[in-house]
2 protein chains.
Amino acid sequence: MEHIPQVFWLIPIASVCALGMAWYFFKSMMRSEEGTPRMIEIAEYVRRGAMAYLKQQYKVVLIVFVVLAIVFAIMAYGFNAQNEWVPFAFLTGGFFSGLAGFFGMKTATYASARTANAARNGLNDGLKIAFRSGAVMGLVVVGLGLLDIAIWFIVLTWFYADKMTTSEMLITITTTMLTFGMGASTQALFARVGGGIYTKAADVGADLVGKVEANIPEDDPRNPATIADNVGDNVGDVAGMGADLYESYCGSILSTAALGATAFAASSGDMQLKAVIAPMLIAAVGVFLSLFGIFLVRTKEGATMKDLLHALGLGTNTAAVLIAAASFLILYLLGLENWLGVSFSVITGLAAGVIIGQATEYYTSQSYMPTKAISEASHTGAATVIIKGIGTGMISTCVPVLSISVAIMLSYLCANGFDMSMSALSIQHGLYGIGIAAVGMLSTLGITLATDAYGPIADNAGGNAEMSELGAEVRHRTDALDALGNTTAATGKGFAIGSAALTALALLASYIEEIKIAMARVGTQMTNVAGETIDATKATIPDFMNFFQVNLMNPKVLVGAFIGAMAAFLFCGLTMGAVGRAAGKMVAEVRRQFREIKGILEGTGTPDYGRCVEISTQSAQHEMIIPSLLAIIIPVIVGLLLGVAGVLGLLVGGLAAGFTLAVFMSNAGGAWDNAKKYVEEGNFGGKGSDAHKATVVGDTVGDPFKDTSGPSLNILIKLMSMVSIVMAGLTVACL
Amino acid sequence: MEHIPQVFWLIPIASVCALGMAWYFFKSMMRSEEGTPRMIEIAEYVRRGAMAYLKQQYKVVLIVFVVLAIVFAIMAYGFNAQNEWVPFAFLTGGFFSGLAGFFGMKTATYASARTANAARNGLNDGLKIAFRSGAVMGLVVVGLGLLDIAIWFIVLTWFYADKMTTSEMLITITTTMLTFGMGASTQALFARVGGGIYTKAADVGADLVGKVEANIPEDDPRNPATIADNVGDNVGDVAGMGADLYESYCGSILSTAALGATAFAASSGDMQLKAVIAPMLIAAVGVFLSLFGIFLVRTKEGATMKDLLHALGLGTNTAAVLIAAASFLILYLLGLENWLGVSFSVITGLAAGVIIGQATEYYTSQSYMPTKAISEASHTGAATVIIKGIGTGMISTCVPVLSISVAIMLSYLCANGFDMSMSALSIQHGLYGIGIAAVGMLSTLGITLATDAYGPIADNAGGNAEMSELGAEVRHRTDALDALGNTTAATGKGFAIGSAALTALALLASYIEEIKIAMARVGTQMTNVAGETIDATKATIPDFMNFFQVNLMNPKVLVGAFIGAMAAFLFCGLTMGAVGRAAGKMVAEVRRQFREIKGILEGTGTPDYGRCVEISTQSAQHEMIIPSLLAIIIPVIVGLLLGVAGVLGLLVGGLAAGFTLAVFMSNAGGAWDNAKKYVEEGNFGGKGSDAHKATVVGDTVGDPFKDTSGPSLNILIKLMSMVSIVMAGLTVACL
């Protein structure tokens, strides 16, 4: 193990610490009281529904994984078109991603009743349980991510150490590890799409019949779809979100490591190794600082919304500031070439994340003009609420796109010493900087994800309190916790999409490396810019771009870009359609129960919650297949028909259009949700007014926008890159 | 004039024929009776409102034009950064584009009452007047387009003939002429955006208060906004559409001519000249065949919707088939190199146009499943109608994008003899093929635009019949004509966006030429792929791409692509917001009149139509400025900050995302409109049911989708390219 530097061991240590603390938070949450028998009963319903769904989901995903692993095995062993580790890396990626979602969800389903029960004592107790349970999820994700990375790094180093030079070894190891990202992406996509369809079918169905037709409040136990709605929060917002961010986290670290291996290939093997482990170290230190931030989050009784926001903000912002400072120290001590510039790249990523989060809050919170204006449009009915919301969502793409653009340019320039010459080396170093920015943005994931996963726990606690009839004061406290969750969810989504964009860019560069390696494996040669025949692995990025004519006048690139943009829209269209169909089935079922089961609305008959859970589960399983497979198939077909130039066009077109579309959909959805809340707070006529009805339409339309299609796009963007990377061998074989 | 071949004179002849026939159709329409005094009175209201709007609009546009012309003059004469003809070419382009819209609208406002009056005699009489009046617009657009092109070609040839070689002259002439496209684009954008805001503010306002609140039918004279609504059809759908397609028509011909001049620069000057005039000739022959098609359109009394569609289809399809056949003949007789392949490029464009039109019809007509399913979603309320419509619209992007993609690849390959080597010459010839495909798609514009402009005339005729209380039978006939117009409008929009995409691609290539010329003018040199210093005009496309690093790993290209995609969304968001605000003002005004003017709803008081017309006019003028200026400013700023690579990224990102977004918005809007009609036909509860109310919400949301934001995107895409082309000198000066 002399090839592994001592400082590397900080990574598994951070991983173990994260998992240990997660275990500690889980145990201390489990020790608290679950509450009245009614509360326990309801929590049990939700838990059973959620676990049943996850079991069903994993069955379907398992089949997909077995099929894909066999395909990769055939490609690797049959045609030598791939590294032999790929099938295993793919499987572990999927396994760990699923595990992160599973643990997060298990915790969440145990925590909600306990949060509601703790809220009976006071706001701070409720916040503490909900937030620390959310932290379980955040810590499991970063812990498992670093564990997976550390194990593979050790195994592959041990395997390759004596077979090749350090430089070759690092390139081989990092590009091999990258393929476990595809496993994580695939699992994440199914989790996000399936979970997203599940939760919104239940939510939309419950709202349309319950709130609008039967005039009963949210989370009322008389509504047959209410348990399914609460289950949905867990499977969509917890398990789906966890798998998604697990994937971004690992994807950004791994692609940056791969970029580091190539960028510093010409330096000493030692420097190359430093570049490879730098992103892992930043992430590891981020774990410790996230933990520190988590312990800072606390509030006092009688806290206002502002106090609560302040409590969470203190934790996340402290972690962010500390990691910014720590980056300089880590990279300086590591002795990385141009450590100062690379540290600034970390900061550009962190800053872009913060700005996107702030912009998201501005465009989606009822404290600001845009959302208030959507509420005001309810004066003239539902149509103007929708028009205004779509307009606002579209305009809101401006700041996030500009932030990411500035982060791309600055992180590129900081990392290569402000060199715009586009020389081979300056490009490599610049791309490494973009990857580092993504790692920087995600380095505080331990705590940002905690604030995210906290949301559905608080939401479910509110549902439990309502169904258990705990009284107005408790419900008031859980409402305060829930409202806070809506804001943090919006910020979290901004983070998820911003990091996905930077990660996808880093993956783009990794794709080029994979193609070069695949060419070298099958013995295809390349010509460099000067026209000389060279070995593919020796090709610089300008050589590569020239050889494959990856420029904007190549019709293959242009067609690829068109198809990429279309893929994003098609994917959203399919998931929107899926939610519409599934919600329609739910509405029919709820109406049937109101009609056929006597006394439901009077509170004397018991609704058949199980049937609604089943409908959501089946619809989600059924509907998630086509959009998910599309994401896997499109890059393969484009690769076969249009080659490398077409794939790069596809990825860039999909990234640019998909990123913008995702921001639009998430923000429009969030704004509609809060525009409704603003009316419910007593503005423009308050609850029950025509204005309220108009904003309920907006909220319902926004549900699949913000919780199904929008967030799934993040994964679509990354998965298309990952599929291209893993299928590089196939594309090369068909050149 | 020995430099101008005899066959060239076919172009001004075609132009004169088109304008002459337009004059003849106009005169024969004017000779027919306008009807009862009430009909004349209403037509007069609409005409006055429309003209007042246009006058106001041209005032604002004039200011913008004067400012821009001064900027161009300073660039040309002060800094030698531009050809000296540019300011004049810019002004004539804007003037002719505005003139085309003006004539079309004048005709339309005279034709509507006459159509209603003719419909009193029978369906065929009504169709004939409406369609031939629409043909005035189609013929004026192609006639003025060819006239402008012919005049500039003659003037510039006369000016340059003795100053340079034929080859240099043709490149100079074609690239200079291209800049009048920017004048046309700028004027078109203002017309589309201003007209689009006008018409939808009035339409949405009239519907929300009239139909939904006061329960009075469409076009009821008791509704104060009804005249403004009818004016809107003229200024948005006629004047806006005319200016838009004038721009596409000229843009495609001119950019193809410019590509021909470069592609055949290495051939003899004679062959180069042939390549330059080939697109003009195809367009000229298209004029004659369009005229032939127009005369084929007729129907018999008692015709069904199917008969009417068949009548229009016979005209347009015959014209399309004939032009396909004629292309082979023209290019063979012209003696163009690879005439066979280039002819097939014409056919790929025509075929893509037809397929996009068919797909648009499938996704937006109530005869097919998608729109019926949207109607069906009204069972569960407005929210599911919106969700389903958005889902359908997004899915509907698939076929158009794939059609355009196939057309791009095939037209490229047909024109360069299936050469994928990406050699300098093969790229040039391939790009020429893409341009030719755009010309092919637009060659039948004389008749396709006639079917388009026919729509608002029939719509207004219906409005006139309703307000003049002409009786059920007449209204029934005008309804049949109007329903037909909705279908042709959808197809027309498909054509407009498809041709915009191909034209924008051709403009992309022209941009590269302009940059080269601008570099040569200021004496900047370039290095070729082999690293040798060369004169910029000698650079091939691979040299150019390599020199400016226009590849997908350049962060400037990536950032450009992000900003391009964002620009499309931002632009739509701003126009959606504008419609929302303007409609809100209209609603307030209509409510005020209902409240303050006694007896309006009883039919004893007269509404103040003029005030509503004024509100629409002022809102449109006020709201069109920011989105329009954005389209001009973004490419300039990107050019200054990110240079040539950034601009090309911007244009490709804007094109891919903008095209897909435009198809989504147009189709979703069309589908909602017809989903409402399907319910009104008596399905799912019919008029007045809850289902109907839900689809009215969908229709109202769809209004700005399909008539403001969606179609304006076509022009945004082209205008951003045009601005980049005209500003090439500035970008080069800041390199």
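Residues numbered from 1 in each chain as written. Chains lettered and ligands numbered in written order. Predicted model: local features only at pLDDT ≥ 70, side-chain atom pairs only at ≥ 80, totals over all residues.

1. A closer look at the overall build of chain A
The helix and strand inventory of chain A stands at 21 helices and two strands. By the compact-globule yardstick of 27 Å for 735 residues, chain A fits well, its C-alpha radius of gyration being 25 Å. By its C-alpha atoms, chain A is 80 × 50 × 45 Å across when sized along the principal axes. Sequence-distant contacts, at least 24 apart, represent 83% of the contacts inside chain A between residues at least 6 apart. (Helix = DSSP H or I, 4+ residues; strand = E, 2+ residues; numbered from the N terminus. Rg over C-alpha atoms; globule rule 2.2 N^0.38 Å. Contact = placed C-beta atoms within 7 Å.)

2. Focus: the interface of chain B and chain A
With 72 residues of chain B at the interface, the matching set in chain A holds 72 residues. Element by element, the count of residues in the side of chain B that touches chain A is highest for helix α18 (residues 555-596) of chain B, at 21 residues. Among the residues making up the side of chain B that touches chain A, the classes are represented as 52 nonpolar, 19 polar and one charged. (Nonpolar A, V, L, I, M, F, W, Y, C, P; charged D, E, K, R; others polar.)

3. Quick notes on the nonpolar core
Counting residues in hydrophobic clusters, the biggest one holds 575 residues, and the most contacted among them are V141, I149 and F562 of chain A together with V141, I149 and F562 of chain B. Apart from residues lying up to four places away in sequence, I149 of chain B is in contact with I11, M177, C250, I253, L254 and M280 of chain B. (Core = buried A, V, L, I, M, F, W, Y, C linked by C-beta atoms within 7 Å. Buried ≥ 20, exposed ≤ 12 C-beta atoms within 10 Å, placed from the backbone.)

4. Section: the relation of the copies chain B and chain A
Two chain copies here: they are related by a rotation about an axis and a translation along the same axis. Its rotation angle being 180 degrees, the transformation that places chain B on chain A also includes 0.0 Å of axial translation and leaves an RMSD of 0.0 Å. Within this description, the copies of the chain are treated as partners about a two-fold rotation axis. It is N551 of chain B whose C-alpha, among those of chain B, lies nearest the rotation axis, at 2.2 Å. (Least-squares fit on C-alpha atoms with pLDDT ≥ 70 in both.)

5. Considering the confidence of the model for chain A
All names here are of chain A. Per-residue pLDDT for chain A has a mean of 91; in total, 100% of the residues score no lower than 70. Mean pLDDT per element in chain A: helix α16 (residues 472-522) is the minimum at 86, and helix α13 (residues 398-415) is the maximum at 97. Both scores are given for the predicted complex: the pTM is 0.96, the ipTM 0.95. (pLDDT = per-residue confidence, 0-100.)

6. Regarding the environment of V285 of chain B
All names here are of chain B. Residue position: V285 is located in helix α8 (residues 269-296). Judged by the 20 C-beta atoms lying within 10 Å of it, V285 is buried. On a C-alpha basis, the gap between V285 and S327 in space is 8.6 Å, while along the polypeptide they are 42 residues apart. Not counting residues within four places of it along the chain, the set of residues in contact with V285 comprises I323, A326 and I330.

7. A closer look at the UniProt feature "site: Determinant of potassium dependence" (unreviewed entry) in chain A
Residue and element names in this part refer to chain A. Per the UniProt record, the feature "site: Determinant of potassium dependence" (unreviewed entry) sits at A489. For A489, a count of 26 C-beta atoms within 10 Å translates into the label buried. With near-sequence residues (within four places) excluded, A489 lies in contact with D452 and G455. (UniProt positions renumbered as here; feature names shortened; annotations may be inferred.)

8. Some details on unusual backbone geometry
Residue and element names in this part refer to chain A. One non-glycine residue, N338, adopts positive backbone phi at about 50 degrees. Mapped onto the elements of the fold, N338 is located in the loop between α9 (305-334) and α10 (339-364). Although it is not a glycine, M422 adopts a positive phi angle of roughly 60 degrees. Within the secondary structure, M422 is located in the loop between α13 and α14 (424-442). Taking the C-beta count within 10 Å as the criterion, M422 has 21 such neighbours and is therefore assigned buried.

9. Side note on helix α16 (residues 472-522) of chain B
Residue and element names in this part refer to chain B. Given a rise of 1.5 Å per residue, 51 residues ought to cover 75 Å, and the 70 Å separating the end C-alpha atoms of α16 matches this to within 8%. The element α16 is extensively covered by neighbouring structure, given that 42 of its 51 residues are classed as buried. G523 occupies a position one or two residues after α16 and carries a positive phi of about 80 degrees. (Expected span 1.5 Å × (residues − 1).)

10. Overview of the packing of helix α4 (residues 123-160) of chain B against α8 of chain B
Residue and element names in this part refer to chain B. Here α4 crosses α8 at 160 degrees, and the two axes come no closer than 11 Å. Between α4 and α8, the angle is such that the two are roughly antiparallel. Relative to α8, α4 is oriented so that their crossing is left-handed. Along the contact surface, α4 presents A135, G138, V142, L146 and I149, while α8 presents M280, A283, A284, V287, S290 and I294. A per-class count over the contact of α4 with α8 returns nine nonpolar, two polar and no charged. (Axes fitted to C-alpha atoms, helices over the stretch in contact; angles between N-to-C directions. Parallel < 35°, antiparallel > 145°, perpendicular 65-115°, else oblique. Left-handed = near helix turned anticlockwise from the far one by under 90°.)

11. Some words on the packing of α16 of chain A against helix α19 (residues 609-680) of chain A
Residues and elements named next belong to chain A. As a packed pair, α16 and α19 sit with axes 10 Å apart at the nearest point and diverge in direction by 180 degrees. In this view, α16 runs roughly antiparallel relative to α19, as classed from their interaxial angle. Contacts from N486, A490, K493, I497, A501, A504, L508 and I515 in α16 reach V644, L648, L651, L655, F659, A662, V663, S666, G670, D673 and N674 in α19. Class assignment for the residues of the contact of α16 with α19 results in 13 nonpolar, four polar and two charged.

12. Some words on the environment of G573 of chain A
Position of G573 of chain A relative to the elements: it lies in helix α18 (residues 555-596). C-alpha of G573 of chain A to C-alpha of S709 of chain A: the two residues are 136 residues apart in sequence and 8.1 Å apart in space. Look past the residues within four positions of G573 of chain A in its chain and what remains in contact with it is G391, M394 and I395 of chain B.

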